[in-house]
Amino acid sequence: MRRAELPLRRVPSSGIRRSASHPKDSQLTIEFSQVNKSFGGIEALREVSLTVKDGEFITLIGPSGCGKTTMLRIAAGLEEPSGGEVRVNGDTPKNACRQHQVGVAFQRPALLASRTALRNVSMTLEITGRDGALSPDELLTDFGLGEFHHHYPHQLSGGMKQRVNIAAALVHDPAILLLDEPFGALDELTREAMGEWLGAVLSRSTKTVIFVTHSVEEATILSDRVVVLSARPGRIAEIIEVGLPRPRSRASRTDEDFLREVARVRTSLYRAVELSN
Amino acid sequence: MNRITVSLLVFAALALALSACVAPAPAAQEEPAEAAPMAAEEAGEMSENDSEAEFERILACVEENFPAESYFTNELLPAASAAWEPMECAGVDTIKVGMPWVLNDEEAPWYNAIELGYFADVCLEVELVAGGPGVDHLQTLAGGAVDIAVVAGGSRVPSIVSSPTPADVVAVGTFLKHSPYIWLGLDPDTPQDQRSDKVLTPQDFIGARVGIQGNDDYLFSFMANKYGIPEDEVELMEAGFTPDPVLMGAMDYIGAWIVNQPRLLEEKGFMNWVAFRFSDWGWDGYGDVTVVRRETFEENPDLVRRFLAAQTQGLNYLLENPDESAEIAVVYGVDAQLTKEQALRRFELQEALVVGSDDLPVSHMSAERWNMQVASMVQYDQLQLEACQ
Amino acid sequence: MALPGKAVVFVDLANDRTKRMSDRLAYLIMIVSVPILWVLAKLITGFPDFLLPPPDMVADVLWTERELLASHTWTTIVEALTGYAVANAIAIALSISFLYLPWMESLALPWTVIIKNVPFVTIASILIIILGDTPLPKIIIVVLITFFPILANVTKGLKSADPVLLDRMQTLDSSQWEVFTKVRWPSALPYYIAAHEIAFTGSIIGAVVAEWLFARKGLGYLIVQSMSQYRADRVWAVTIVASALAVGAYLLVKAIEKYLFRWQVQDLT
Ligand SMILES: Nc1ncnc2c1ncn2[C@@H]1O[C@H](COP(=O)(O)OP(=O)(O)OP(=O)(O)O)[C@@H](O)[C@H]1O
Ligand SMILES: [Mg+2]
């Protein structure tokens with residue numbers, strides 16, 4: 001695997017940084033404390049408290065409309081909480097963005113139609129004025145888009161576009177990555193492959209990730225912890241530690257442990273859905 | 001893609017070439033303008049003789065190549081001695097007649113003919129179609145929208161007949177035997193309540209602001225060519241049909257008719273008006289000329305004859321009964337709020353133009369006058385006759 | 001994953017090629033058929049020369065009076081282009097102010113609607129009385145005619161920027177200037193080009209009409225003058241020049257569009 005040979009940024013000497021059990025000394029990165037959010041009469045989030053540790057991969061899962069996107073947007077400083085607060089590295093989300101610590105990718109790729117894949121990725125660097133460990137060129141090649149640097153978004157498949165989108169979100173090496181259903185619009189098979197790809201890409205980094213998905217399998221295979229939300233108002237129903245060793249691969253999808261963890265998350269999700277109704 | 005680019009380049013090159021042509025064009029236009037004042041100033045007499053000789057040459061050429069008889073006739077006009085007798089009507093012909101101006105008191109002869117039943121007497125039902133700025137009834141006549149046109153500037157008739165895209169029309173009678181066209185202003189050296197005896201010359205317009213109506217700039221162009229007035233040293237402006245801009249000081253002169261606007265100034269208390277009469281300076285065409293299509297003239301001369309008879313009867317009535325005519329005119333002249341006194345003043349001013357200085361009966365025209373006018377127009381570039389350039 | 005992407009583009013491109021061919025063919029057919037239709041129209045209607053002169057006569061005028069036509073055309077082009085440039089500047093400035101100062105939009109919108117819909121002949125007549133035969137009234141009329149489609153389109157285009165992209169820009173802490181140049185303006189560009197298709201040709205018609213009302217130079221004046229000299233052949237020659245100018249303007253916009261959006265049809269082979 002060519003990808004495995006490429007050193008990605010800040011990879012510790014151990015090779016694999018992530019583990020199911022977190023190092024005790026890890027400092028908090030993103031902290032939601034008593035966050036409320038209402039849109040007019042609609043209460044989107046109520047009393048949400050969550051601490052995301054440095055380097056942790058957190059997945060938000062829950063019924064549609066439970067406030068996952070809203071949580072991400074608050075963490076990215078795109079939305080102000082109505083009550084409570086969110087701190088990112090001890091600072092406001094806006095300031096964290098100002099220091100270019102946050103990379104964001106949404107379900108719909110945020111790409112400019114008139115820029116090639118490469119120029120879409122390098123636009124992040126133009127704006128932030130920062131360089132990542134890998135150049136946009138190297139990053140796209142690393143993401144398996146070697147031949148497509150000079151293709152325009154309309155010439156790329158959905159999965160390719162999403163890879164470019166994620167590349168654009170992390171090319172400047174932010175410590176935090178917020179991903180809102182990046183594979184939501186893809187077919188089942190592509191989605192699985194992309195999930196695996198993302199796991200591989202991120203397993204080599206020390207990024208703190210908040211990931212939103214509707215797929216229990218995806219959540220289970222990628223996360224250190226899965227946060228299950230219930231809807232109306234959006235609250236944290238349960239936080240599940242995924243007890244699976246890393247690295248995880250496609251093979252582990254048929255693994256018994258994996259199926260057990262999936263069942264655990266699914267049960268919790270069902271409960272949350274019931275709670276919402 | 002490439003071929004598109006190439007054709008674009010070709011287009012751009014064409015546009016450039018087009019713009020390059022611009023350079024010689026103004027130069028070519030300036031030449032006569034510069035040459036003319038020189039000629040006028042340096043050797044006045046010589047050039048006058050020259051231009052007279054030139055005029056004689058052109059006149060001879062016009063008489064030979066474009067004689068007035070090819071576009072005018074008096075033969076359908078009623079005999080001067082004829083007594084008025086209503087006809088027996090088997091049927092009534094309905095016709096549309098284009099008027100020379102908006103409906104004011106200028107059209108008094110035709111109002112008379114309607115009001116006093118002259119048209120009905122000759123089995124005609126006549127609808128008067130108003131003219132005015134922007135309406136050229138010579139064109140609506142040629143196109144067929146009207147059956148007969150009364151054309152304010154008679155000189156337009158040889159213009160349309162001799163055009164490369166001609167309309168075959170015939171002038172069959174005239175109301176005014178001399179051009180009433182003037183440039184009207186106020187004389188600052190004469191008190192308002194006194195009449196001015198100032199005589200304007202073409203040179204007086206250099207540096208002046210002159211308002212003219214839509215299509216009339218051929219009149220200016222003629223004078224400018226004839227007297228060497230550089231065209232860009234007269235500031236031409238768009239004028240309406242009242243002399244108000246002159247009163248307000250927005251313009252120094254305004255294109256007008258001697259029979260119309262001066263009386264309006266007088267009425268406002270400005271007796272010190274002063275007029276540059278085009279007929280005194282070489283532009284003397286007939287005014288309010290009745291014109292028909294040649295096809296009408298040839299196929300239905302009787303209709304034209306009847307129309308002219310009634311028109312002439314209305315005209316004679318105007319000359320003999322100005323008072324009654326004025327009363328009729330203020331009723332029919334719906335486009336202008338005129339008083340009877342104003343109409344009477346017009347009739348007074350216009351009588352000399354109607355009767356004329358020739359020995360011909362009213363409405364009659366002469367080939368000699370037509371030919372001279374055409375020759376002037378050819379000489380000063382207002383009419384193109386290939387044979388006579 | 002790679003193959004379908006390529007195939008899609010390839011099909012697109014093929015379509016575009018045939019389309020371009022047929023486009024060109026259509027213009028060729030038009031150019032050829034105009035004189036034919038012309039002659040037919042003359043035969044059928046029996047219009048005399050002073051209404052509809054034969055095409056060869058008009059072609060003759062186009063050639064023999066080319067210098068005259070060129071100099072008046074130039075005047076019209078200058079007026080149209082100047083007015084159009086001013087219209088663009090005003091419209092774009094207004095659209096941008098609408099984007100950042102929404103109250104400006106509420107304030108200005110009724111005015112722009114009124115200005116657009118007042119019969120411009122009224123305004124033109126007044127302008128001509130005040131300003132006389134100067135280029136200014138013509139330029140103002142061109143501005144009045146052309147600025148609204150640009151304003152409407154650019155305003156819409158600037159607002160059409162993808163909110164996802166705007167969010168991305170915000171999380172990257174980009175400056176307003178960067179948001180504008182990298183996201184807003186590129187999003188507005190297709191709308192802006194679409195506005196040119198209408199407005200640029202309109203600028204020429206606007207200038208001609210303004211000259212037609214009152215001027216001593218330009219194609220509009222030439223129409224008036226030729227009509228008053230009963231030169232139908234020249235009137236039609238001017239008409240052809242003006243139409244050719246408008247078509248040229250349209251094709252120019254199309255070519256620029258094709259150039260700016262060439263990435264949409266880029267050949268991948
Ligand atoms: N801009 C907004 N204005 C009004 N209401 C909003 C807005 N954004 C979100 N909401 C409301 O907040 C609630 C949570 O929305 P949110 O998009 O966070 O849900 P979600 O969990 O991401 O749902 P999904 O899984 O369908 O994406 C919903 O009820 C939604 O209607
Ligand atoms: Mg969502």
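Residues numbered from 1 in each chain as written. Chains lettered and ligands numbered in written order. Predicted model: local features only at pLDDT ≥ 70, side-chain atom pairs only at ≥ 80, totals over all residues. Heavy atoms only, no water.

Counting from both sides, the interface comprises 38 residues of chain A and, opposite them, 24 residues of chain C. Summed over both partners, the interface of chain A with chain C comes to about 2,700 Å²; 62% of that surface belongs to carbon and sulfur atoms. For the pair chain A and chain C, the interface holds four salt bridges. A salt bridge links C:Asp162 to A:Arg108; the nearest nitrogen and oxygen atoms lie 3.0 Å apart. At the surface where chain A touches chain C, the tally comes to seven residue pairs in polar contact (both at pLDDT 80 or more). Within the residue set of the side of chain A that touches chain C, elements represented by two or more residues are helix H3 (93-98), strand E5 (102-105), helix H4 (117-128) and helix H6 (158-170) of chain A. Sort the elements by how many residues they give to the side of chain A that touches chain C and H4(A) lands first, with six residues. Within the side of chain A that touches chain C, the residues separate by chemical class into 17 nonpolar, 14 polar and seven charged. (Contact = heavy atoms within 4.5 Å. Buried area = accessible area lost by both parts, 1.4 Å probe. Salt bridge = Lys/Arg side-chain N within 4 Å of Asp/Glu carboxyl O. Polar contact = N/O pair within 3.5 Å; in protein donor to acceptor, adjacent residues only side chain to side chain. Helix = DSSP H or I, 4+ residues; strand = E, 2+ residues; numbered from the N terminus. Nonpolar A, V, L, I, M, F, W, Y, C, P; charged D, E, K, R; others polar.)

Each partner contributes to the interface: chain B provides 31 residues, whereas chain C provides 31 residues. In total, chain B and chain C occlude about 2,900 Å² of area from one another, counting both sides; carbon and sulfur atoms represent 65% of this. Summed over the shared surface of chain B and chain C, the result is two salt bridges. Note that C:Arg216 and B:Glu231 form a salt bridge whose closest N and O atoms lie 2.9 Å from each other. Scanning the region where chain B abuts chain C turns up nine residue pairs in polar contact (both at pLDDT 80 or more). Secondary structure elements with two or more residues in the side of chain B that touches chain C: helix H1 (2-20), helix H2 (24-42), helix H6 (137-143), helix H7 (156-162), helix H8 (217-227) and strand E7 (235-238) of chain B. It is H1(B) that contributes the most residues to the side of chain B that touches chain C, six residues altogether. Looking at the side of chain B that touches chain C residue by residue, the classes come out as 18 nonpolar, seven polar and six charged.

Burial analysis of helix H4 (residues 108-115) of chain B places six of its eight residues in the buried class, which makes it a mostly covered element. Taken from the residues just after H4(B), B:Gly117 is the one with a positive phi, measuring 80°. (Buried < 20%, exposed > 50% of the residue type's maximum accessible area, 1.4 Å probe, protein only.)

Glancing now at helix H9 (residues 219-228) of chain C. An α-helix turns once per 3.6 residues; consequently, residues spaced three or four apart project the same way. Residues and elements named next belong to chain C. The buried fraction of H9 amounts to eight of the ten residues, a majority that puts the element mostly inside the structure. Of the residues making up H9, those classed as buried are Leu219, Gly220, Tyr221, Leu222, Ile223, Val224, Ser226 and Ser228. With its phi angle positive at about 55°, Tyr230 sits one or two positions after the end of H9.

Glancing now at the site of ligand 1. Residue and element names in this part refer to chain A. What surrounds ligand 1 is the set Phe39, Ile42, Ala44, Ser64, Gly65, Cys66, Gly67, Lys68, Thr69, Thr70, Glu181 and His214. Separating an oxygen atom of ligand 1 from a backbone N or O atom of Cys66 is a distance of 3.2 Å. Between Thr70 and ligand 1, the recorded distance is 2.4 Å, taken from a side-chain N or O atom to an oxygen atom. Looking at the shell around ligand 1, the elements with two or more residues in it are strand E2 (42-53) and helix H2 (68-75). In terms of residue count, H2 provides more of the shell around ligand 1 than any other element does, three residues in total. In the shell around ligand 1, the residues fall into four nonpolar, six polar and two charged. (Near = heavy atom within 4 Å.)

Once that is clear, we can look at the nonpolar core. Within the largest apolar cluster, 114 residues are counted, with the highest numbers of intra-cluster contacts made by B:Tyr71, B:Val97, B:Leu138, B:Val169, B:Trp183, B:Val210 and B:Phe307. Here this core takes eight residues from helix H12 (residues 301-320) of chain B, the largest share from any one element. Those residues in contact with B:Phe307 that lie beyond four places of it in its chain are B:Ile95, B:Val97, B:Trp110, B:Phe119, B:Leu124, B:Val126, B:Ile148 and B:Thr290. C:Ala80, C:Leu99, C:Ala108 and C:Phe180 belong to the second-largest nonpolar core, a separate cluster that totals 49 residues. (Core = buried A, V, L, I, M, F, W, Y, C linked by side-chain atoms within 4.5 Å.)

All names here are of chain B. Reading across from one edge, E2-E1-E3-E10-E4 is the order of the five strands in this open sheet, with mixed pairing throughout. Only two strands of the sheet have a single partner each, and these edge strands are strand E2 (124-129) and strand E4 (169-176). The sheet shows a mean angle of 25° between the axes of neighbouring strands, direction not considered. Together, E2, strand E3 (148-153), E4 and strand E10 (287-293) form the strand contacts of H4, whose direction differs from that of E2 by roughly 145°. Across the face of the sheet, H12 comes into contact with strand E1 (93-98), E2, E3, E4 and E10 while running at roughly 60° to E1. (Pairing = 2+ DSSP bridges. Axes fitted to C-alpha atoms, helices over the stretch in contact; angles between N-to-C directions.)

Residues and elements named next belong to chain B. The two faces of E2 differ: Leu124, Val126 and Leu128 on one face are buried, but Glu125, Glu127 and Val129 on the other face are not. Note: E1 against E2, six bridges, orientation parallel. In the sheet register, Thr94 faces E2, and the bridge partner there is Glu125.

Let us look at the packing of helix H4 (residues 102-117) of chain C against helix H6 (residues 135-159) of chain C. All names here are of chain C. At a minimum axis distance of 10 Å, the contact between H4 and H6 shows a crossing angle of 145°. At the point where H4 passes H6, the crossing takes the left-handed sense. Judged by residue contacts, Glu105, Thr112, Val113, Ile115 and Lys116 of H4 engage Leu144, Phe147, Phe148, Leu151, Thr155 and Lys159 from H6. For the contact of H4 with H6, the class distribution of residues is six nonpolar, two polar and three charged. (Left-handed = near helix turned anticlockwise from the far one by under 90°.)

All names here are of chain B. The full count for this structure, using the stated rule, is two disulfides over all chains. Linked covalently through their sulfurs, Cys61 and Cys388 form a disulfide whose S-S length is 1.9 Å. The sign of the -85° torsion about the S-S bond sets the Cys61-Cys388 disulfide as left-handed. With Cys61 in helix H3 (residues 44-65) and Cys388 in the segment after helix H15 (367-379), this residue pair connects regions lying 327 residues apart in the sequence. On the accessibility criterion, Cys388 (1% relative accessible area) is buried. (Disulfide = S-S within 2.5 Å.)

A separate point is the side chain of C:Glu65. Residues and elements named next belong to chain C. With respect to the helices and strands, Glu65 occurs in the loop between helix H2 (55-64) and helix H3 (66-100). With relative accessibility at 15%, the residue Glu65 sits in the buried group. Looking at Glu65, its side chain comes within polar contact range of the side chain of Arg231, at 2.8 Å. Ignoring anything within four residues of it in the chain, the contact list for Glu65 reads Arg231 and Arg234.

All names here are of chain A. Here six strands make up an open sheet; going across it, the order is E5-E6-E7-E3-E8-E9 and the pairing mixed. The open sheet terminates on both sides in strands that have one partner only, identified here as E5 and strand E9 (235-241). Within this sheet the neighbouring strands show an average axis-to-axis angle of 15°, counted without direction. Pairing geometry for strand E6 (residues 176-180) and strand E7 (residues 208-212), over five bridges, is parallel. Bridge pairing in E7 links Asp180 to Val212. The strands touched by H2 are strand E3 (57-61), E6, E7 and strand E8 (225-230); relative to E6, the strand with the most contacts, the crossing angle is about 150°.

Right, let's talk about the environment of C:Ile223 for a bit. All names here are of chain C. Residue placement: Ile223 occurs in helix H9. Overall, Ile223 belongs to the buried group, its relative accessible area being 16%. With residues near it in sequence (within four places) discarded, Ile223 still touches Val208, Trp212, Val235 and Val238.

Here the focus is a negative patch on the surface. Residues and elements named next belong to chain B. A cluster of acidic residues, Glu48, Glu52, Glu56, Glu63, Glu69 and Glu368, forms a negative patch on the protein surface. In terms of residue count, H3 provides more of the negative patch than any other element does, four residues in total. With respect to the helices and strands, Glu48 occurs in helix H3. (Patch = residues over 30% accessible without salt bridge, like charges linked within 9 Å, V, L, I, M, F, W, Y side chains within 5 Å. Areas by Shrake-Rupley, 256 points an atom, 1.4 Å probe, with all protein chains shown as cover. Lys, Arg positive; Asp, Glu negative; His and termini not counted. Charge placed at Lys NZ, Arg CZ, Asp CG, Glu CD.)

Next up on the list: the packing of aromatic side chains. The final tally for this structure, using the stated rule, is 28 aromatic pairs over all chains. Seen from their ring centres, B:Trp110 and B:Phe175 are 5.7 Å apart, and the 90° between their planes marks the pair as edge-to-face. Within this pair, whereas B:Trp110 is found in helix H4, its partner B:Phe175 is found in strand E4, the two being separated by 65 residues in sequence. As far as burial versus exposure is concerned, B:Trp110 and B:Phe175 are alike and both buried. Residues C:Phe147 and C:Phe148 carry aromatic rings whose centres are separated by 6.5 Å and whose planes lie at 75° to one another, so their mutual orientation is edge-to-face. Across the pair, exposure class does not vary: C:Phe147 and C:Phe148 are buried alike. (Phe/Tyr/Trp six-rings, centres within 6.5 Å; stacked < 30°, edge-to-face > 60°.)

From the geometry alone we can't say anything about function, so treat these as descriptive.
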